[in-house]
There are 2 protein chains.
Amino acid sequence: MRFYEAKGLITSTRSANNYRDYSEATLGRVQQIRELLGAGLSTQAIRAILPCLESPRDPIVFEGVTFETVRALERERDRLTERIDVLARNRDAIADYLTELQRRAN
Amino acid sequence: MRFYEAKGLITSTRSANNYRDYSEATLGRVQQIRELLGAGLSTQAIRAILPCLESPRDPIVFEGVTFETVRALERERDRLTERIDVLARNRDAIADYLTELQRRAN
DNA sequence: TCAAACCTTGACGCCAGTGTCAAGGTCAAG
DNA sequence: CTTGACCTTGACACTGGCGTCAAGGTTTGA
């Protein structure tokens, strides 16, 4: 989507056609982005955690990481943990309710 | 918020003033609703799991629950689990990245 | 060569959730 | 009684993520 590109989530090279050329890695990243959007994250949150989203473990960028970036990542990690807690709590409430229903239905 | 009321997430009685009168329970529910909205759920998803959100454990409604409702709850529980998995996976990726950064910084 | 299929950009509209503002009703204090 | 604070409704606008459509350029194939 051009939308993701405009938001700085992915990049594309242009071939002579002026057509967008998506790398294989970018294609995979789109998959992850859609997952995260589907999980309720905003594009800004996703952009914040982009440095962690490279699939091959080795060519990850470890240089040029500012303190600001680290702080942002820690914040985002904590927000995710918060979110996970809320969701897990409510999922468990649903599960408990369902088992209780089943118990009462004999 | 009138918005939640219009969406069928909460109810309010009207006093003679025509002012809205929110019960204590409704007030607590608003808290939960905001949590869930903040966690990325839609109002429709929240409405689907409303039956599980009563805080006192006992006066929960167990009668008049249709098969449809049960199916919806199971679906919503699975969607939540899915979401949780995605978020946990990415949070762990962030955490791993951060520890790796720290390791390389000696 | 020419038409169909694809790409480009830009503009517009849609839906969800929220905020705000105007016009009026209600209430408590002075 | 009047003023100011609060409530009501309805309308409007905004942000985010997305879809679509028009106008034009490129490529492919008959």
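Predicted, not measured: the structure shown is a model, and the values here were computed from it. (Residues numbered from 1 in each chain as written. Chains lettered and ligands numbered in written order. Predicted model: local features only at pLDDT ≥ 70, side-chain atom pairs only at ≥ 80, totals over all residues.)

## Some details on the domain arrangement of chain A
All names here are of chain A.
- By domain assignment, chain A separates into domain 1 (1-63) and domain 2 (65-106).
- A separation of 25 Å is found between the C-alpha centroids of domain 1 and domain 2.
- Tallying the contact residues gives 6 residues for domain 1 and 5 residues for domain 2.
- In terms of residue class, the side of domain 1 that touches domain 2 is built from 5 nonpolar, no polar and 1 charged. (Domains from an automatic or database assignment. Contact = placed C-beta atoms within 7 Å. Nonpolar A, V, L, I, M, F, W, Y, C, P; charged D, E, K, R; others polar.)

## What about the relation of the copies chain A and chain B?
- When chain A is fitted to chain B, the best match, at an RMSD of 0.1 Å, comes from turning it 180° and sliding it 0.0 Å along the axis. The transformation just described matches what one would write down for a two-fold rotation axis. The position closest to the rotation axis in chain A is occupied by the C-alpha of A:Gly40, lying 2.1 Å away.
- An overlap of 100% is found between the interface residues of chain A and their copies at the interface of chain B, pointing to a shared contact surface. (Least-squares fit on C-alpha atoms with pLDDT ≥ 70 in both.)

## Remarks on the interface of chain A and chain B
- Contacts between the two partners involve 30 residues from chain A, matched on the other side by 30 residues from chain B.
- Mapped onto the side of chain A that touches chain B, the elements with two or more residues apiece are α2 (24-38) and α4 (67-104) of chain A.
- No other element matches α4(A), which puts 21 residues into the side of chain A that touches chain B.
- Class assignment of the residues belonging to the side of chain A that touches chain B gives a composition of 20 nonpolar, 3 polar and 7 charged. (Helix = DSSP H or I, 4+ residues; strand = E, 2+ residues; numbered from the N terminus.)

## So, the environment of B:Asp96
Residues and elements named next belong to chain B.
- With respect to the element layout, Asp96 can be found in helix α4 (residues 67-105).
- Under the C-beta neighbour-count criterion, Asp96 is labelled partly exposed, with 13 such atoms within 10 Å.
- Spatially, the C-alpha atoms of Asp96 and Arg75 are 32 Å apart, while their sequence positions differ by 21 residues. (Buried ≥ 20, exposed ≤ 12 C-beta atoms within 10 Å, placed from the backbone.)

## Details of helix α2 (residues 24-38) of chain B
- Compared with the 21 Å implied by 1.5 Å per residue over 15 residues, the 22 Å span of α2(B) between its first and last C-alpha is a close match.
- Every buried residue of α2(B) is listed here: B:Arg29, B:Ile33 and B:Leu36. Along the long axis of α2(B), the arc covered by the buried residues comes to 65°, so they all point the same way. Facing away from the buried side of α2(B) by more than 90 degrees, the exposed set consists of B:Glu24, B:Leu27, B:Gln31 and B:Arg34.
- For α2(B), the elements touching its buried residues are α4 of chain A together with α1 (2-6) and α3 (43-48) of chain B. (Expected span 1.5 Å × (residues − 1). Arc of directions from axis to C-beta.)

## Considering unusual backbone geometry
Residue and element names in this part refer to chain A.
- Positioned with a positive phi, Asn18 is a non-glycine residue whose angle comes to about 75°.
- Structurally, the position occupied by Asn18 is in the loop between β1 (13-14) and β2 (20-21).
- The class for Asn18 is exposed, based on 6 C-beta atoms found within 10 Å.

## Focus: the packing of α4(A) against α4(B)
- Closest axis-to-axis distance for the α4(A)/α4(B) pair is 8 Å, and the angle between their directions is 155°. With respect to α4(B), the element α4(A) is oriented roughly antiparallel. Seen along the crossing, α4(A) lies across α4(B) with a hand that is left-handed.
- The residue inventory of the contact of α4(A) with α4(B), partitioned by class, reads 22 nonpolar, 4 polar and 10 charged. (Axes fitted to C-alpha atoms, helices over the stretch in contact; angles between N-to-C directions. Parallel < 35°, antiparallel > 145°, perpendicular 65-115°, else oblique. Left-handed = near helix turned anticlockwise from the far one by under 90°.)

## Some thoughts on the nonpolar core
- Within the largest apolar cluster, 31 residues are counted, with the highest numbers of intra-cluster contacts made by A:Ile46 and B:Ile46.
- Secondary-structure elements contributing two or more residues to this core are α2 and α4 of chain A together with α2 and α4 of chain B.
- Top contributing element to this core by residue count: α4(A), with 6 residues.
- Residue contacts for A:Ile46: discarding those within four places in its chain leaves A:Leu9, A:Ile33, A:Leu36 and A:Leu41. (Core = buried A, V, L, I, M, F, W, Y, C linked by C-beta atoms within 7 Å.)

## Some words on α4(B)
- Its 39 residues place the ends of α4(B) 57 Å apart at the C-alpha level, agreeing with the 57 Å of an ideal helix rising 1.5 Å per residue.
- Contacts from the buried residues of α4(B) go to α2 and α4 of chain A together with α3 of chain B.
- Of the residues one or two after α4(B), B:Asn106 is the one with positive phi, at around 55°.

## Regarding the environment of A:Ser12
All names here are of chain A.
- Mapped onto the elements of the fold, Ser12 is located in the loop between α1 (2-6) and β1.
- Judged by C-beta crowding, with 14 C-beta atoms within 10 Å, Ser12 ranks as partly exposed.
- Each C-alpha atom of the pair Ser12 and Ser23 lies 7.3 Å from the other, and the pair is 11 residues apart in sequence.
- Here Ser12 is in contact with Glu5, Arg20, Asp21, Tyr22 and Thr26, once residues within four sequence places are set aside.

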